[in-house]
Structures are given as C-alpha cells and as structure tokens.
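Commentary on secondary and tertiary structure
In case you want the letters, here they are:
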Amino acid sequence: MADSNAWYFRNALVRANYTNLQKGIYETTEYLEVFLGNLLLNEKNELHNRNLHISGLLNDEKDICQKMNKNILIHGLGQNETSWDNVETELNKHNIHVEKPDLYAMLSGKKADYDTLLQGFTDYCNSFDGKLNLCGLSLGGILALDYAKKFPDKINSMILIGTPYRIPRFLFFIQKLIFHLIPESLFEKTGCNKKDVISLTDSMAALDIAKDTDKITCRTLILCGVKDKQNIDGARLFCRNIKGSSFQTVANSAHEVNVDNPGELSRMILDFWKND
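The paragraphs below set out a description of the structure included in this document. Numbers given for residues are sequential positions, taken from 1 along each chain in its written order. Local features are withheld for residues below a pLDDT of 70 in this predicted model, meaning they are given only at 70 or higher, and side-chain atom pairs are given and counted only at 80 or more; totals for whole chains, interfaces and linings count all residues. As a convention, hydrogens and water are excluded, and side-chain values are obtained from all of the structure's heavy atoms.

**Here we look at the sheet that holds strand 3 (residues 155–161)**
- Note on pairing: DSSP must find at least two bridges between two strands before they are called paired. Helix and strand labels come from DSSP, where a helix needs a run of H or I of at least four residues and a strand needs a run of E of at least two; each type is numbered from the N terminus. One open sheet accounts for 5 strands, arranged 1-2-3-4-5; its pairing is parallel. The open sheet has two edge strands, strand 1 (70–74) and strand 5 (246–250), and neither has a second partner. In this sheet, adjacent strand axes meet at a mean angle of 15° when their direction is disregarded.
- Pairing geometry for strand 3 and strand 4 (residues 219–225), over 5 bridges, is parallel. Across the sheet, residue M158 finds its bridge partner in strand 4, namely T220. Axis geometry follows a simple rule: fit a line to the C-alpha atoms, using only the stretch in contact for helices, then measure angles between N-to-C directions, giving values from 0 to 180 degrees.

The structure is reproduced here in structure tokens:
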C-alpha cells in the first residue's frame, strides 16, 4: 500500500508542513491521518492526489515544494544583484520568488579577498532554514560550487552559468591591467571600488575550482552562453565530472547570460526547478 501511494504520502507530508498566511493556506494533518489510517489500522479510505491540490492557488503539488526551498541568484564579478532583475521579473510571473544577494556588501569593511567573500556567502546561505536552489554566474557559480562541497545537505539543486573550470591566469593578468585603466566611477556602479575588485581578482588566481566536483551529488544544470568561447569547454568538463548533471547552451548570449538573454535563461531555470 505504501509503495503504490508514495506520491500521495509525500504530498500529505507537504500539506502537513506548509502554511501561506497571505493566501489563507494553513498546514493540516488530515491527509496524513487518512493515509496512516489505511496503513496502520487497515482502514479503506480513498487516497486521491487531487484532494491535496489547493484549487486556484497552487494546482501543482510541485509548486508547494518549490515554495519550501530558497531560490538564490548569485551575480558575477563586475555585476551586482540588479543584473538579475529581468530574470527575476520573468520568474515572478510563474510564482517563483528569488533572493539576490549583493556579494560586495559581504566585503564591506573587510579584507577584499575570496576567502572572506566565501565566508560571507556561507553565513548568508546558512541563515536560511531548509534547502537551497543555488544559481550562480561566473564568480557566483564558483561560490555555489564551494558552498555545495562544504554543505551538501543544504543543497537541493544547483545551476552553474559561465563558470570557469580552471582560473585562466593569463586572462586574469590581462583583466587586471584593464581594471587599472578603467575609471573608478565605473566600478562604483557595481557597488565595489576598483581597489577591492583588483584585490578580489588577485586572491582568486590560485583557486582549484574543479577539485572535488566529482563528490557533488545534488541535481545540477550546467549552462553556458553559446558565444562564451572561454568557458564552453569547461562547462562540458563540469558536466562530465558532476554525476547526473546536464549541460545546455543559451542562445544569443556570451558570458553574461543573465543580461544578454534573460528570457531564455529564465525559461531554462524555470524548467529545471519545476522538474525537481
């Protein structure tokens, strides 16, 4: 009986723990009691998943579970949290709500290096109850990977976008030279000053990003802009190393996929999260 009604039992557990006061939805054990009555007391209650649906509000039981996870969009170096605004707007249309942390705020008043940023990001993620759906671009993907390696039980799923498989040291050196030539005012638009961006970049030169990726067990989607020639081979390597992961390219986009093609990226994120 338990095997044939496993989906009903899973949904009954969700309804026993889910509350949304805004929409007048309250946790209830009535469906769990009916299931257990059949299992333990040999009752003959009819078990129908349609009875657990919240009509007009959350017609798909997967939507209920989605609300129990925190969805976190993590921006890249040279971006800030507003780089996700168009993606957020699209996801909100499908009742998917997200968090968009400002990474540079985590360095405020502290040493601007990767270890400090990772600790700030770790504290941020650990402040949430329940599991996380992490979606990171470039630097954001590196942070997501390092957090997932350290706290596998906190991760429900992960999306890596344009995340480097290895640090391209020569390109980092060229990038540093370019940073020195860029006016301070352009850095300030991202919420981080030039000195701190250069310091953060320098501290990442020796990172071993690919280390222990074979130990990641959460559902993982690897994305890369079809024009992001620098990272597309690395994306395939991530897919090969992370068990059960899948790889897709995003059309009409280079490295900053969230800016270049937010509509298509939103669809891919939505499809991945909805299939959880």
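**Section: the layout of surface pockets**
- Using a 1 Å grid laid over the protein atoms alone, points where a 1.4 Å probe fits but cannot get out form a cavity; open sets with protein on both sides within 12 Å along at least 5 of 7 lines form a pocket; any residue with an atom within 4 Å of a point counts as lining. Grid points are joined across faces, edges and corners, and a volume is the space filled by probe spheres set on the points. Of the voids in this model, the largest pocket is the one considered here, and its volume is about 700 Å³.
- Those elements giving two or more residues to the lining of the largest pocket turn out to be helix 6 (139–150), helix 7 (169–181) and helix 8 (184–188).
- In this count, Pro and Cys sit with the nonpolar residues alongside Ala, Val, Leu, Ile, Met, Phe, Trp and Tyr, while Asp, Glu, Lys and Arg are called charged and the others, Gly among them, polar. Across the lining of the largest pocket, the residue classes break down as 18 nonpolar, 9 polar and 1 charged.

**Re the packing of helix 5 (residues 114–126) against helix 6**
- Where helix 5 meets helix 6, the axes come as close as 10 Å, and the angle between the chain directions of the two elements is 65°. In this view, helix 5 runs roughly perpendicular relative to helix 6, as classed from their interaxial angle. For the crossing formed where helix 5 meets helix 6, the hand is right-handed. For the pair helix 5 and helix 6, contact is made by Y114, L117, L118, F121, T122, C125 and N126 and by L139, I142, L143, A144, D146 and Y147, respectively. For classification purposes, an angle smaller than 35 degrees is called roughly parallel, one larger than 145 roughly antiparallel, one from 65 to 115 roughly perpendicular, and anything else oblique. Handedness of a helix crossing follows the sense of rotation of the near helix relative to the far helix, less than a right angle counterclockwise being left-handed and clockwise being right-handed. Here, residues are in contact when the closest pair of their heavy atoms is within 4.5 Å.

**Comments concerning the nonpolar core**
- Side-chain atoms within 4.5 Å link the members of a nonpolar core, which is a set of buried Ala, Val, Leu, Ile, Met, Phe, Trp, Tyr and Cys residues. Burial classes: relative accessible area under 20% of the type maximum marks a residue as buried, over 50% as exposed, and values in between as partly exposed (1.4 Å probe, protein chains only). Counting residues in hydrophobic clusters, the biggest one holds 40 residues, and the most contacted among them are F121, L134 and L143.
- Of all the secondary structure elements, the ones that give two or more residues to this core are strand 1, helix 5, strand 2 (132–137), helix 6, strand 3, strand 4 and helix 10 (232–241).
- With 7 residues, helix 6 is the largest single contributor of residues to this core.
- In contact with L134, not counting residues within four places along its chain, are I72, I74, F121, C125, A144, Y147, I155, S157, M158 and I159.
- Ranked by size, the runner-up nonpolar core spans 20 residues in total, among them V87, L91, C135 and V250.

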